[in-house]
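So you can see what is in the structure, the chains are spelled out below.
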Amino acid sequence: MSEAALGGEGLPLRRREMAGHAAMLLFSVIVAGSFSLGGMVANDIAPAALNLLRFWIAALVLLVVILWFEPAPLRALKAAAKAPWRYAVTGGLIGSYMILMFEGLKTAPPISTAAVFTLTPLITAGFAFLVLRQVLPLRVFWVLILGGIGALWVVFRADVGALMRFEVARGELIFFIGACAHALYIPLLRKFNRGESGVVFVMYALVAGSLLMLVVGGREILATDWAQLPPLVWFTIFYTAVFATAGSLSLIHFGSMRLSGAKVMAYTYLVPSWVILLEILLGHGAPSGASLVGVALTVGALLLLLRQD
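Source: prediction; values computed, not measured.

## Digging into the overall build of the protein
Line of reasoning, step 1. When helices and strands are counted, the protein shows 14 helices and zero strands.
Line of reasoning, step 2. Put simply, the protein runs from its N terminus to its C terminus through helices and strands in the order α-α-α-α-α-α-α-α-α-α-α-α-α-α.
Line of reasoning, step 3. Across its three principal directions, the C-alpha atoms of the protein cover 60 × 50 × 35 Å.
Line of reasoning, step 4. Among the 309 residues that make up the protein, the fraction classed as buried is 54%.
Line of reasoning, step 5. In the form shown here, the protein has an accessible surface area of approximately 13,500 Å², with 71% of it arising from carbon and sulfur atoms.
Line of reasoning, step 6. One finds the centroid of the 21 positive side-chain charges in the protein at a distance of 11 Å from the centroid of its 14 negative side-chain charges.

Structure (structure tokens):
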């Protein structure tokens, strides 16, 4: 879908920013669903197998969108195919994030991994400086620190002793590495973009990422007994493919063209709140009151960032 079709380049700056904020709000809701679903199926299928199939489905969905909405789809696909190394890099990063997410969810609870995800705005700000030379205002930097403190409070389950000793569980540590890959992906979207629409760029990144998964996780993929997978696994595959992959990556690309990298990822601060709500609705219980203090800090950080806008 072209930027014009998305209501992009012709809009006044303020309206473009508001469109970016709306996209990232929807992104936070979609991503929260993948944490809760992922926590329920992480031990039922190999992460590489699940994510390869979701990448293929997501790429197909985006291809249909491109053919339907792009004014000249074949020309857009051909023009965007230049410098394919860009998609290998971005596809590898987002593929690493998604595989490590499901690997971490094997042992870490969804709320805890969602809290780790909220560290990405601060990490993204660091990568945005290195890649794009984007310098954060000092007030925004301190707001990101506040959000990071809230995230750590949840990750360490409101245990000051564990926080001081920095006792990080294996699942959270695995997912943190994936979150770093996701954080680097954000500024690279803007750096590598050569005028392609978001859906075209993301589709090529998904294709490249799936090819890399075949190389890295081929053995796990071949060993998967697809016919015996529970229905919930198939639902998770399609949800994560259509919404948490094709949808969320397109929303990130849309938002990154309108907001700074740190503000794009600031919406991750809402993810733990959505996950908590989902976990309660699914009957999985609620976190302790002390842990909710950390969630409140992350939400407060988001509101402060919006006020900075």
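## Observations regarding helix α13 (residues 271-281)
Line of reasoning, step 1. Here α13 has its buried residues at V271, P272, V275, I276 and E279. One side of α13 holds all its buried residues, which, seen down the axis, span an arc of 135°.
Line of reasoning, step 2. Count one or two residues on from α13 and you reach G283, which has phi positive near 80°.

## Thoughts on the packing of aromatic side chains
Line of reasoning, step 1. On inspection of all chains with the given rule, the structure shows 11 aromatic pairs.
Line of reasoning, step 2. Here Y97 and F175 contribute two aromatic rings whose centre-to-centre distance is 5.8 Å and whose plane-to-plane angle is 50°, an arrangement assigned as tilted. Placement of Y97 in helix α4 (residues 85-104) and of F175 in helix α9 (residues 170-192) is noted, with a sequence separation of 78 residues between them. Note on accessibility: Y97 and F175 belong to one class, buried.
Line of reasoning, step 3. A ring pair is formed by F141 and W142, whose centres lie 5.5 Å apart and whose planes are at 70°; its orientation type is edge-to-face.
Line of reasoning, step 4. Judged by relative accessible area, which is 32%, F141 ranks as partly exposed.
Line of reasoning, step 5. Cluster of aromatic residues (ring-pair linked, three or more members): F35, Y97, F117 and F175.
Line of reasoning, step 6. The side chain of R133 reaches across the aromatic face of F129, ending 5.2 Å from its centre.

## Description of the packing of helix α5 (residues 110-117) against α13
Line of reasoning, step 1. It is at 8 Å that the axes of α5 and α13 come closest, and there the two elements cross at 170°. Of the possible angle classes, the one that applies to α5 and α13 is roughly antiparallel. Of the residues in α13, those touching α5 at P110, I111, A114, A115 and F117 are V271, P272, V275, I276 and E279.
Line of reasoning, step 2. For the contact of α5 with α13, a count of residues per class yields nine nonpolar, no polar and one charged.

## Here we look at the nonpolar core
Line of reasoning, step 1. In this structure, F35, Y97, F117, Y185, L206 and V271 are the most contacted members of the largest nonpolar core, which totals 87 residues.
Line of reasoning, step 2. With 11 residues, helix α2 (residues 47-69) is the largest single contributor of residues to this core.
Line of reasoning, step 3. Among all residues touching F35, those that are not within four sequence positions of it are Y97, M101, L105, P110, T113, A114, F117, F175, V271 and V275.

## Here's the deal with the side chain of T120
Line of reasoning, step 1. Among the secondary structure elements, T120 is positioned in helix α6 (residues 120-132).
Line of reasoning, step 2. A polar side-chain atom of T120 sits 2.5 Å from the main-chain carbonyl oxygen of F117.

## Re the pattern of salt bridges
Line of reasoning, step 1. Tallied over the full model, the rule gives two salt bridges.
Line of reasoning, step 2. Residues E103 and K106 are paired through a salt bridge, measuring 3.3 Å at the closest nitrogen-oxygen approach.
Line of reasoning, step 3. Of the residues examined, E103 reaches a relative accessible area of 23% and is grouped as partly exposed.

## Side note on the packing of α2 against helix α10 (residues 198-223)
Line of reasoning, step 1. The contact between α2 and α10 brings their axes to 8 Å, and the two run at 155°. As far as their axial angle goes, α10 and α2 are roughly antiparallel. Both α2 and α10 take part in a crossing whose hand is left-handed.

## A look at α6
Because each turn of an α-helix spans 3.6 residues, side chains separated by three or four positions end up pointing in the same direction.
Line of reasoning, step 1. Given a rise of 1.5 Å per residue, 13 residues ought to cover 18 Å, and the 17 Å separating the end C-alpha atoms of α6 matches this to within 8%.
Line of reasoning, step 2. The complete set of buried residues in α6 reads T120, P121, I123, T124, A125, A128 and V131.
Line of reasoning, step 3. Just downstream of α6, R133 is the residue with a positive phi angle, here 60°.

## Details of the environment of S250
Line of reasoning, step 1. Inspection of the secondary structure puts S250 in helix α11 (residues 231-256).
Line of reasoning, step 2. According to the relative accessible area criterion, S250 is buried, its value standing at 16%.
Line of reasoning, step 3. With 50 residues separating them in the primary sequence, S250 and V200 have C-alpha atoms 9.1 Å apart.

## Remarks on the confidence of the model for the protein
Line of reasoning, step 1. Mean pLDDT for the protein: 84, with 90% of residues reaching 70 or above.
Line of reasoning, step 2. In the model, residues 1-8 has pLDDT below 50 throughout and makes 18 contacts with residues more than four positions away in sequence or in other chains.

About the cut-offs
Residues numbered from 1 in each chain as written. Predicted model: local features only at pLDDT ≥ 70, side-chain atom pairs only at ≥ 80, totals over all residues. Heavy atoms only, no water. Helix = DSSP H or I, 4+ residues; strand = E, 2+ residues; numbered from the N terminus. Buried < 20%, exposed > 50% of the residue type's maximum accessible area, 1.4 Å probe, protein only. Areas by Shrake-Rupley, 256 points an atom, 1.4 Å probe, with all protein chains shown as cover. Lys, Arg positive; Asp, Glu negative; His and termini not counted. Charge placed at Lys NZ, Arg CZ, Asp CG, Glu CD. Arc of directions from axis to C-beta. Phe/Tyr/Trp six-rings, centres within 6.5 Å; stacked < 30°, edge-to-face > 60°. Lys NZ or Arg CZ within 6 Å of the ring centre and 35° of its normal. Axes fitted to C-alpha atoms, helices over the stretch in contact; angles between N-to-C directions. Parallel < 35°, antiparallel > 145°, perpendicular 65-115°, else oblique. Contact = heavy atoms within 4.5 Å. Nonpolar A, V, L, I, M, F, W, Y, C, P; charged D, E, K, R; others polar. Core = buried A, V, L, I, M, F, W, Y, C linked by side-chain atoms within 4.5 Å. Polar contact = N/O pair within 3.5 Å; in protein donor to acceptor, adjacent residues only side chain to side chain. Salt bridge = Lys/Arg side-chain N within 4 Å of Asp/Glu carboxyl O. Left-handed = near helix turned anticlockwise from the far one by under 90°. Expected span 1.5 Å × (residues − 1). pLDDT = per-residue confidence, 0-100.

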